[in-house]
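Spelled out from the first residue to the last, the chains are:
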Amino acid sequence: MYIMKKYIILIIGWLCFIQIGNAQQSLRGKVMEYNEAEEGTPVVGAILQWQNTSVGTVTDQNGMFALPKVEESNILIVRYSTYQNDTITVERNRTELNIVLSTAHSLPAISVEASRQGAYISVKPILTTVISTDGLRKAACCNLSESFDNTVAVDVEYADAVSGAKQISMLGLAGIYSQILLENTPYIRLLSNQFGLGYVPGTWMEGISISKGTASVTNGYEAITGQINVDYKKPETNTEKLFINLYGSSMGKAEFNLNSVFKIKENLSTMLLLHTEGQFAKLDMNHDSFIDIPINYQVNAMNRWDYQKPGKFEGRTMLSYMWEDRMGGQMKYNYKTPAGMDSLYGLRIGTNKLNVITKNGFLLEGEHESIGTVLAFTFHHNKSFFGKKNYNAQQISGYANVLYSNRYGQSERHKLTVGGSLQMDFLDEQLWNITEAVGEEKLTREEIVPGLFGEYSYSIEDKLVIMGGIRIDYNAFYKMLFWTPRIHLKWVPVPNSSFRISAGKGYRTANVLAENLSLMISNRTFNFSKNLKPEEAYNAGISFVQSFDMKGGKSNFSIDYFYTYFMNQVLIDFDQNPQKVFVYNLNDEGISGKSYSHSIQAEMTFYPLKRFEIIVAYRFNNVWQTTAGDLQQKALVSPHKALLNLNYATKFDKWKFNLTLQYNSSMRLPNTSINPPEYQLPDQSPDFFILNAQITKKFRTWEIYAGGENLLNYKQKNPILSADNPFGEHFDASIIYAPITGAMGYLGIRWTLN
């Protein structure tokens, strides 16, 4: 009856939103060349891409193309191997374009090298870095967690030494304060927070957009420190009739990926994406009796459909299912025994996740007038045990978003977007032996949040953009109104120079256990405050970007500063006692705490020679929290990080060479001073370097890549406290500041049939 109630509420919520939507006009046409007889012939395989975006396509066997229009740019770059690149300014209302390639046409440097940039700064008013397909292929990028090696904007580290979970942070704060979207739809949240980065295969991704600070109000109120939006490959624009990727590593991991596009008819196409992986080898390189990388098997599949009626209607629907089984713990643990009954320490996490996303829309009478809807459904089931602790959880979520958008006034300088949203989450959690006082605990939460929002922007050509928005949401679980104002400004005083300013507010609900499963891989006991409140924070930032010409192409320098201040934060305090975890509000009764962060980043990307890219970056995070009654630097946050990334490609990209060197500074470690001496940690971790490299050889339809990670072989010493007594009170595998495995090599093959 309880489950039926959930489904009824979800269905009613979905039916409240008709599927009409944010249709996106496409530019269609043909690319041709003249042969010796001066006859027009189609050009097969020409690349068309909107300047300074990751949106592009390739002409088919008839020279035809269909390319979605984007608001960021109306300058089209056309590339083909035997011609010089061409750029075309496309009128905003134009939907058809025929192109004849000319060998006499020359270009500015920015267009010549646009497709080779692995990452670039978007022209949007919100500071956004886009990692393109080329950028993702600089490393193996098996999943989303491995896609940020060439940036200092996002930090990725292991959450513990047993489960293999990876977590991100932005502006020095945990990834839970950054909103992770799949094509502008909330995606990694609640039960997906701990392992969800591994549920996004690298071969499915077309690009990643990383925005710092508070994001647009149209996507919700949760983004406090930033937003990561993942774009998957699309059947409408992707030319891979068949794509296969095989990968294997020296540590016993193997992957198989397959993508295939089917064009059903002119305006209907579908795409199948398949990912399977396995970690087959049991490794204990530090000889502490625990498996360094958990045995893991995953099957992940998606089917997506693109459909449209030109000039009237467009839609996209995605259906995906993921199954995973991961097993860790001591090397000799027997997983055939019932959970928690073996005398050795074991870990097992079984996951089933189903997602449905549909985005539909149509164009109204105005040239830029449209109505759009986004609907999403998530089912996520987790069954796991950690030693003698058991954790089972189930999440059912529904999401709906309706938007109306139009441009007004002279030169269409005014843009208005208004709409409403509904987020529904039903989360059931069951725990055994998780606290000292309670042997079994059940946590159930039904959170329904309807909201309204409006966003207005004013622009003067490419010189000035001011965008302000506000949303009002009612959280039925807390019986509270959330007011979320946000403003963004971009100013271009002179060509190639731009300033951005942003400020805003964000909220989120803390899901303590689901977001901190790694703390269960310890014998700490949890102590919860009775009344946990919503988290509430303000964020403000300023940035400057300067572009300049070099011999090899358009280069740029950027610097930014962001400040985050929490009005309330649910603190996870493991400084008070190394055998306990205290969970409480920043400003609980009798407690007056502070929590804030300062983040500064400077980065330069330059091209001294053709096809030679150098990225130099530095990031400083200064994060403070009141824990154990004292205002102190947040534990396990590296204040300083630096990066050097070198990329070189030979002519026609036949060979590609990529090398990345990272520096991570010393960081504060949680207090373990009351532990016995053999289980104590120093106050600070050592600093360390990480070196990664890859070489790619490209052939006509396939390419082979080989590389290595952590080539300097740096490993954290003794990552597990009391590994010799995993059921003793001092056992703790959650204090991780560096890699726990050494150097790794890998080899892969990609085959593409266009």
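Residues numbered from 1 in each chain as written. Predicted model: local features only at pLDDT ≥ 70, side-chain atom pairs only at ≥ 80, totals over all residues. Heavy atoms only, no water.

S.K.: Sorry, what's going on with the confidence of the model for the chain here?
M.R.: Low-pLDDT stretches of the model should not have their predicted coordinates read in fine detail. For the chain, the average pLDDT comes to 88, and 91% of its residues sit at 70 or higher. The low-confidence segment residues 103-116, where pLDDT is below 50, has 30 contacts with residues more than four positions distant or belonging to other chains. Counting interchain partners and residues more than four positions distant, the pLDDT-below-50 stretch residues 434-438 has nine contacts. (pLDDT = per-residue confidence, 0-100. Contact = heavy atoms within 4.5 Å.)

S.K.: So what exactly am I meant to see when it comes to the pattern of salt bridges here?
M.R.: Pairs can form between side chains of opposite charge whenever their charged atoms are close. Summed over the entire model, instances satisfying the criterion amount to 28 salt bridges. Between D306 and R316 there is a salt bridge, with its nearest N and O atoms 3.6 Å apart. Taken as a pair, D306 in strand β21 (residues 295-309) and R316 in strand β22 (residues 313-329) lie far apart in primary sequence, 10 residues in all. Linked through salt bridges whose partners overlap, the residues forming this network are E183, E206, D231, K234 and R304. (Salt bridge = Lys/Arg side-chain N within 4 Å of Asp/Glu carboxyl O. Helix = DSSP H or I, 4+ residues; strand = E, 2+ residues; numbered from the N terminus.)

S.K.: I would appreciate a short explanation of the pairing of strand β20 (residues 268-279) in the present structure.
M.R.: Along any regular strand, the residues point their side chains to alternate faces of the sheet. One ladder, built from 12 bridges, connects strand β19 (residues 253-265) with β20; its direction is antiparallel. Its bridge partner lying in β20, E255 is registered against E277. Following β19, the chain reverses through two residues before pairing antiparallel with β20. The pairing of β20 with β21 spans 12 bridges and is antiparallel. Counted as the bridge partner of T276 is V299 from β21. (Pairing = 2+ DSSP bridges.)

S.K.: Teacher, can you tell me more about the sheet that holds strand β34 (residues 570-573) here?
M.R.: Two orientations exist for strands paired in a sheet by backbone hydrogen bonds: parallel and antiparallel. With mixed pairing, the three strands of this open sheet are ordered in space as β31-β35-β34. Strand pairing shows two members of the sheet lacking a second neighbour, β31 (525-528) and β34, which therefore form its edges. Within this sheet the neighbouring strands show an average axis-to-axis angle of 15°, counted without direction. (Axes fitted to C-alpha atoms, helices over the stretch in contact; angles between N-to-C directions.)

S.K.: Hey, could you run me through unusual backbone geometry in this one?
M.R.: Where the residue is not glycine, phi is negative for most of them; where a peptide bond is considered, it is trans in most cases. Here the phi dihedral of L190 falls at roughly 55°; this positive angle occurs in a residue that is not glycine. With respect to the secondary-structure elements, L190 resides in the loop between β15 (186-188) and β16 (205-212). Exposure remark for L190: the relative accessible area of 4% places this residue in the buried category. Of note, the phi angle at S722 is positive, near 55°, even though the residue is not glycine. By the element assignment, S722 lies in the loop between β42 (702-709) and β43 (744-753). (Buried < 20%, exposed > 50% of the residue type's maximum accessible area, 1.4 Å probe, protein only.)

S.K.: Would you take a moment to explain the environment of G350 for this structure?
M.R.: Checked against the element boundaries, G350 lands in strand β23 (residues 346-363). Sequence separation between G350 and L721 is 371 residues; the distance between their C-alpha atoms is 26 Å. When near neighbours in sequence (up to four residues on either side) are disregarded, G350 contacts E324, H381, N382 and K383.

S.K.: For this particular structure, what's the right way to read the side chain of S209?
M.R.: Within the secondary structure layout, S209 lies in strand β16. Not counting chain neighbours up to four residues away, the residues in contact with S209 comprise T128, T129, V130, Q227, I228 and N229.

S.K.: Is there a simple way to explain the sheet that holds strand β13 (residues 173-174) in this structure?
M.R.: If you trace the three strands from one edge of the open sheet to the other, you get β11-β12-β13, paired in antiparallel fashion. With one partner strand each, in any of the chains shown, β11 (154-158) and β13 form the two edges of the open sheet. Examined bridge by bridge, strand β12 (residues 166-170) and β13 share two bridges and lie antiparallel to one another. Paired with S169 across the strands is A174, a residue of β13.

S.K.: Would you take a moment to explain the environment of L197 for this structure?
M.R.: Structurally, the position occupied by L197 is in the loop between β15 and β16. A relative accessible area of 5% means that L197 is categorised as buried. Taking C-alpha positions, L197 is 30 Å from D683, a pair spaced 486 residues apart along the chain. When sequence neighbours within four positions are dropped, the list of residues in contact with L197 reads N143, L144, S145, K166, Q167, I168, I180 and I188.

S.K.: Can you help me understand the nonpolar core in this one?
M.R.: The tendency in soluble globular proteins is for nonpolar side chains to be buried as a group. Judged by nonpolar contacts, the single largest core of 37 residues is most densely connected at F386, Y391, I521 and I720. Breaking this core down by element, the ones donating at least two residues are β23, β25 (389-408), β26 (414-432), α4 (512-515) and β35 (580-585). The element best represented in this core is α4, accounting for three residues. Ranked by size, the runner-up nonpolar core spans 32 residues in total, among them A139, L144, I188 and W204. (Core = buried A, V, L, I, M, F, W, Y, C linked by side-chain atoms within 4.5 Å.)

S.K.: I'm lost on the packing of aromatic side chains in this one. Help?
M.R.: Here a ring pair, both rings aromatic, is described through the centre-centre distance and the interplanar angle of the planes. Under the definition given, this model contains 25 aromatic pairs. Taking 5.0 Å as the distance between ring centres and 85° as the angle between the ring planes, the aromatic pair formed by F477 and Y478 counts as edge-to-face. Joined through ring pairs, the aromatic side chains of F290, Y345, F727 and F731 make up one cluster. In this structure, K233 packs its charged tip against the face of F243, placed 4.5 Å from the ring centre. One cation-aromatic arrangement involves R750 over Y705; the distance from NZ or CZ to the ring centre is 4.0 Å. (Phe/Tyr/Trp six-rings, centres within 6.5 Å; stacked < 30°, edge-to-face > 60°. Lys NZ or Arg CZ within 6 Å of the ring centre and 35° of its normal.)

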